[in-house]
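Structural characterization, general
In case you want the letters, here they are:
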Amino acid sequence: MNQFDYPETSLNTQGGSMPHFIKLPEEVAAVFGDAAPKFVDFLATTFSIQGDEVAHMSAISFERTLEKETSSIRLEIAELRTDTQTAIAELRTDTQTAIADLRTETMTAIADLRTDTQTAITDLRSEMKADFSDMQKQISGIHKDISAQTKWILVGLAAAVTLYPIVTRLVSRLFP
């Protein structure tokens, strides 16, 4: 380090300060003379302030950009939330409609089943009445036949009882 090298403090990349040496040209150092170190300090302070100001402005710009991006993301999230809620509401409506349709179909099917069952029972009763009526007619016919046969048997027995003594007398006269 020679007599015209003066330390300047600047920010390094890690955010700490570290001395940085600037060299004044000899002509400038000769013009300032003994005040050259103070001029270098002034320049270092000015550059440091400017650096801080640039960092501050960059931070503000970054914050604004970050706020814009964040607000656009929030807007997208809000739109997505709205879309999701709309989709959920539509799904609920569709589900409720499907359930109502299913209930209606089930009730209709049950009513149809009841009607079919009642019709089948009525038809079965009619068939059973017709079959019982036919059976009663058949039983009545059989009863009439049995009655007629019983009458003929009784007539035949009465005739045999009446004719037996006559036939036996005739046979005994003919075959003495």
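Residues numbered from 1 in each chain as written. Predicted model: local features only at pLDDT ≥ 70, side-chain atom pairs only at ≥ 80, totals over all residues. Heavy atoms only, no water.

**Observations regarding the confidence of the model for the chain**
Reading fine detail from the predicted coordinates is not recommended where pLDDT is low. For the chain, per-residue confidence averages 85 on the pLDDT scale, and 88% of positions sit at 70 or higher. Model confidence for the chain, summarised as mean pLDDT per element, is weakest for strand E1 (residues 5–11) at 45 and strongest for helix H2 (residues 36–174) at 91. Counting contacts from residues 6–16, a segment whose pLDDT is below 50, to residues more than four positions away or on other chains yields 29 contacts. (pLDDT = per-residue confidence, 0-100. Helix = DSSP H or I, 4+ residues; strand = E, 2+ residues; numbered from the N terminus. Contact = heavy atoms within 4.5 Å.)

**What about the environment of phenylalanine 39?**
Here phenylalanine 39 is to be found in helix H2. Considering only alpha carbons, one finds phenylalanine 39 and leucine 24, 15 residues apart in sequence, at a separation of 9.9 Å.

**What to know about a nonpolar patch on the surface**
Together, Leu163, Ile166, Val167, Leu170, Val171, Leu174 and Phe175 make up a nonpolar patch on the protein surface, roughly 700 Å² of accessible area in all. Relative to the elements of secondary structure, valine 171 occurs in helix H2. (Patch = residues over 30% accessible without salt bridge, like charges linked within 9 Å, V, L, I, M, F, W, Y side chains within 5 Å. Areas by Shrake-Rupley, 256 points an atom, 1.4 Å probe, with all protein chains shown as cover. Salt bridge = Lys/Arg side-chain N within 4 Å of Asp/Glu carboxyl O.)

**Describing H2**
Along its 139 residues, H2 runs 195 Å from first to last C-alpha, staying within 8% of the 207 Å computed at 1.5 Å per residue. Listing the buried residues of H2 in full gives Ala36, Val40 and Ala44. (Expected span 1.5 Å × (residues − 1). Buried < 20%, exposed > 50% of the residue type's maximum accessible area, 1.4 Å probe, protein only.)

**Quick look at a negative patch on the surface**
A surface patch of negative charge is lined by Asp123, Glu127, Asp131 and Asp134. Among the secondary structure elements, aspartate 123 is positioned in helix H2. Take aspartate 123: its relative accessible area is 41%, and that puts it in the partly exposed class. (Lys, Arg positive; Asp, Glu negative; His and termini not counted. Charge placed at Lys NZ, Arg CZ, Asp CG, Glu CD.)

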